[in-house]
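These are the residues of each chain, in order.
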Amino acid sequence: MIRFQGTATTASASLYMTKLCKHFRHKIAVELDERSADAQFPFGRCLMHAEADALHFDCQADDAEAAARIRFVLDDHLVRFARKEGLAVIWSEEADDES
């Protein structure tokens, strides 16, 4: 299992998290409240947490290909939803949970 984190610095974290999740839940299971979300992709899972100044992602995937797919989906959608703000997710290095 690969686990990795990302952060997008923004004062609108809750708004963007909500937009992402409302969009995703048309195709996948999503649990959402004001500050956190759990998105269950077929290829992995992403927990989101909105703070006053940042949106944090804590993701898990079975392999590197699935991890890359999660990062792509989140990057692609967040850029589109926040195009006026020019957001980007800064991803941490991947780590194998079984170590």
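Residues numbered from 1 in each chain as written. Predicted model: local features only at pLDDT ≥ 70, side-chain atom pairs only at ≥ 80, totals over all residues. Heavy atoms only, no water.

The name an unreviewed UniProt entry gives the protein chain is 2,4-dihydroxyhept-2-ene-1,7-dioic acid aldolase, with Ectopseudomonas mendocina S5.2 as the organism.

Visitor: Please set out the pattern of salt bridges residue by residue, giving values where relevant.
Guide: Under the criterion given, the structure shown has three salt bridges. Two residues, Asp58 and Arg3, come together in a salt bridge whose shortest N-O distance is 2.4 Å. In this pair, Asp58 is assigned in strand 5 (residues 54-61) and Arg3 in strand 1 (residues 2-9), connecting sequence segments 55 residues apart. (Salt bridge = Lys/Arg side-chain N within 4 Å of Asp/Glu carboxyl O. Helix = DSSP H or I, 4+ residues; strand = E, 2+ residues; numbered from the N terminus.)

Visitor: A description of the packing of aromatic side chains should follow, citing residues and the corresponding values.
Guide: For the structure shown, the criterion picks out four aromatic pairs. Taking the centre distance of 5.3 Å and the plane angle of 20° together, the rings of Phe41 and Phe43 count as stacked. The pair formed by Phe41 and Phe43 is uniform in burial state, with each residue classed as buried. In textbook terms, an aromatic cluster arises when at least three aromatic residues are bridged by ring pairs, as seen for Phe4, Phe57 and Trp91. (Phe/Tyr/Trp six-rings, centres within 6.5 Å; stacked < 30°, edge-to-face > 60°. Buried < 20%, exposed > 50% of the residue type's maximum accessible area, 1.4 Å probe, protein only.)

Visitor: Give me the lowdown on the pairing of strand 3 (residues 36-41), citing residues and values where you can.
Guide: Pairing analysis gives four bridges linking strand 2 (residues 29-32) to strand 3, with the strands arranged antiparallel. Looking at the pairing, Val30 lines up with Ala39 of strand 3. Turn length for the strand 2-strand 3 hairpin, with the two strands adjacent in sequence and antiparallel, is three residues. Direction of pairing for strand 3 relative to strand 4 (residues 44-50): antiparallel, over a ladder of six bridges. Residue pairing across strands places Phe41 opposite Gly44, the latter belonging to strand 4. Between the antiparallel neighbours strand 3 and strand 4 lie two residues. (Pairing = 2+ DSSP bridges.)

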